[in-house]
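The chain contents come next:
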Amino acid sequence: DYGMEKPQGSSVSFHYNPNVEYHHFGSSHPMKPWRLTLTKQLILAYGLEYTMELHEPRPATLDELAIFHDREYLSFLKNITPQNMESADNQAHILSFGFGGESNDCPVFDGLWNYVSLYSGASLHAADSLLNAQSNIAINWSGGLHHAKKNAASGFCYVNDIVLAIQHLLTQNQRVLYIDIDVHHGDGVEQAFESTDRVFTLSYHKFGFDKYNNPFFPGTGAITEMGPSDPANRGKGHTLNIPIEDGIDDEQYMWLFRTITGAVNEKYRPNAIVLQCGADSLGGDRLGKFNLNIKAHGYCVEFVKGFDKPLLLIGGGGYTPRNVARTWCHETAVCVGATLHNNLPTHLPYLQAFQGEENGGGVLYPDLHNTKRHENVNSVAKLNSIVRSAFENLRYIEG
Ligand code: V1P
Ligand code: CA
Ligand code: ZN
């Protein structure tokens, strides 16, 4: 009699508050929250909503955000508006908290507080459903804002929902593995947990300098960066960074990912995993420099799903909205074990956003390889040497 057993396979929960879509960073800013509208429409058009449990999480409260962030920073974040930001009082703090500035990576926009509480609430709620064993894969595509620091905004990120979700998972899990496939280094998450051995952070990212000798944002994440060097610090060796050059292709990336992530999982034996799925590592991304296709990106999700541990999937970067939507829809299907047909459903709203040669020809899996013609400068020798160094770095943790 199998009546008392839990159903086999994975159960997936999807955490999404649609109010997050309506926020605008400004017309010339690359971060477009409406990419989440496109993502949701694709997921619905393929009927994936019937294969998972849907949740509409409430916004996170100030007290929940204060578990990681400084209260001074939060009260500034809560009260700043485009109308009051010019006041002398606010101007005195704005730069030190990471807002505005020359690059304007983190603009002050209408509804900013609402936006940050919505995406953070969804990550906390997703972590909660893993803790309660309501699902073994929980998804929040609106989160993944890995650059935010405890007292500063950075790189389009104001509140670090990933750190908050990991802190929540740590209340009932001894060890959490954080994996980051966004094209940028997950510096905020790494820094937040640099002094603990209960979180291992692993980031794959572009690292290097352009022809004007400017570093690729945020400029950190060399292979030699492995956490504190002080042997008395428990965080030593619990950080692994995989620096990659322009133009990496599917085969190379999948090889790097399975070789290194597989070794980390075996050595560290985490009780839960958080996977940040930034889609700016795809070919044709407006900011990224890699050449990945959607299925190679999704391979990372498939591979980590195979570890069979509670898994929190979150979004992140991704600046060519139609391809962000395609990728996160595909990865949702990977989680529920569905195969999707390549021709997009004809009843899809916004179908025209995916049609035409420029926009991927009306299919789910267009060829993105070299759409922005980034030459692949990752040599076999270089990749082998990265894997060798990564394995050497892993000797610091006891299996
Ligand atoms: O490179 C910088 C600035 C220049 N300063 C010296 C630093 N900023 C980048 C920020 C990228 C943030 C990525 C976020 C994520 O990892 C997670 C959500 O994906 C930047 C870039 C760029 N090409 O790297 N900012 C902008 N472009 C930008 C462009 C237009 C308007 C505002 C910002
Ligand atoms: Ca990364
Ligand atoms: Zn990114």
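Whatever comes next refers back to the structure up there.
All of these numbers come straight from a predicted model, not from anything done at the bench.

1. So, the sheet that holds strand S4 (residues 176-180)
Point 1. On the basis of which strands lie adjacent, the open sheet formed by eight strands has the order S2-S1-S3-S8-S7-S4-S5-S6 and parallel pairing. Both edges of this open sheet fall to strand S2 (53-55) and strand S6 (239-244), since each of them pairs with a single strand only. Strand-to-strand twist of the sheet, defined as the mean angle between neighbouring strand axes without regard to direction, takes the value 15°.
Point 2. Across four bridges, the pairing between strand S7 (residues 272-276) and strand S8 (residues 311-314) is parallel. Bridge pairing in S8 links Gln276 to Ile314.
Point 3. Contacting strand S5 (199-206) and S6, helix H11 (residues 380-394) runs over the sheet at an angle of about 175° to S6.

2. Some thoughts on the site of ligand 1
Point 1. Close to ligand 1 lie 19 residues; Asp105, His146, His147, Asp280 and Tyr319 are nearest.
Point 2. Note that an oxygen atom of ligand 1 is positioned 3.1 Å from one of the side-chain N or O atoms of His184.
Point 3. In isolation ligand 1 has 740 Å² of accessible area, and contact with the protein removes 68% of it.

3. So, the side chain of Asn173
Point 1. Positionally, Asn173 belongs in the loop between helix H6 (161-169) and S4.
Point 2. Within polar-contact distance, the side chain of Asn173 engages the backbone oxygen of Leu169 at 2.9 Å.
Point 3. In contact with Asn173, not counting residues within four places along its chain, are Leu131, Arg198, Asn271 and Ala272.

4. Structural notes on the coordination of the zinc ion (ligand 3)
Ideal geometry at a metal centre: 109.5 degrees between donors when four sit tetrahedrally, and 90 or 180 degrees when six sit octahedrally.
Point 1. Listed as protein donors to the zinc ion (ligand 3) are Asp182 (OD), His184 (ND1) and Asp280 (OD); their distances from the metal cover 1.9 to 2.0 Å.
Point 2. Donor residues for the zinc ion (ligand 3) sit on one chain with the sequence pattern D-x1-H-x95-D. With Asp182 in the loop between S4 and helix H7 (187-192) and Asp280 in the loop between S7 and helix H9 (294-305), this residue pair connects regions lying 98 residues apart in the sequence. Accessibility classification places Asp182 together with Asp280 in one group, the buried group.

Here is what the cut-offs are and how they apply
- Residues numbered from 1 in each chain as written.
- Chains lettered and ligands numbered in written order.
- Predicted model: local features only at pLDDT ≥ 70, side-chain atom pairs only at ≥ 80, totals over all residues.
- Heavy atoms only, no water.
- Pairing = 2+ DSSP bridges.
- Helix = DSSP H or I, 4+ residues; strand = E, 2+ residues; numbered from the N terminus.
- Axes fitted to C-alpha atoms, helices over the stretch in contact; angles between N-to-C directions.
- Contact = heavy atoms within 4.5 Å.
- Near = heavy atom within 4 Å.
- Polar contact = N/O pair within 3.5 Å; in protein donor to acceptor, adjacent residues only side chain to side chain.
- Areas by Shrake-Rupley, 256 points an atom, 1.4 Å probe, with all protein chains shown as cover.
- Donors = N, O, S within 2.8 Å, 3.2 Å for Na, K, Ca; no water.
- Buried < 20%, exposed > 50% of the residue type's maximum accessible area, 1.4 Å probe, protein only.

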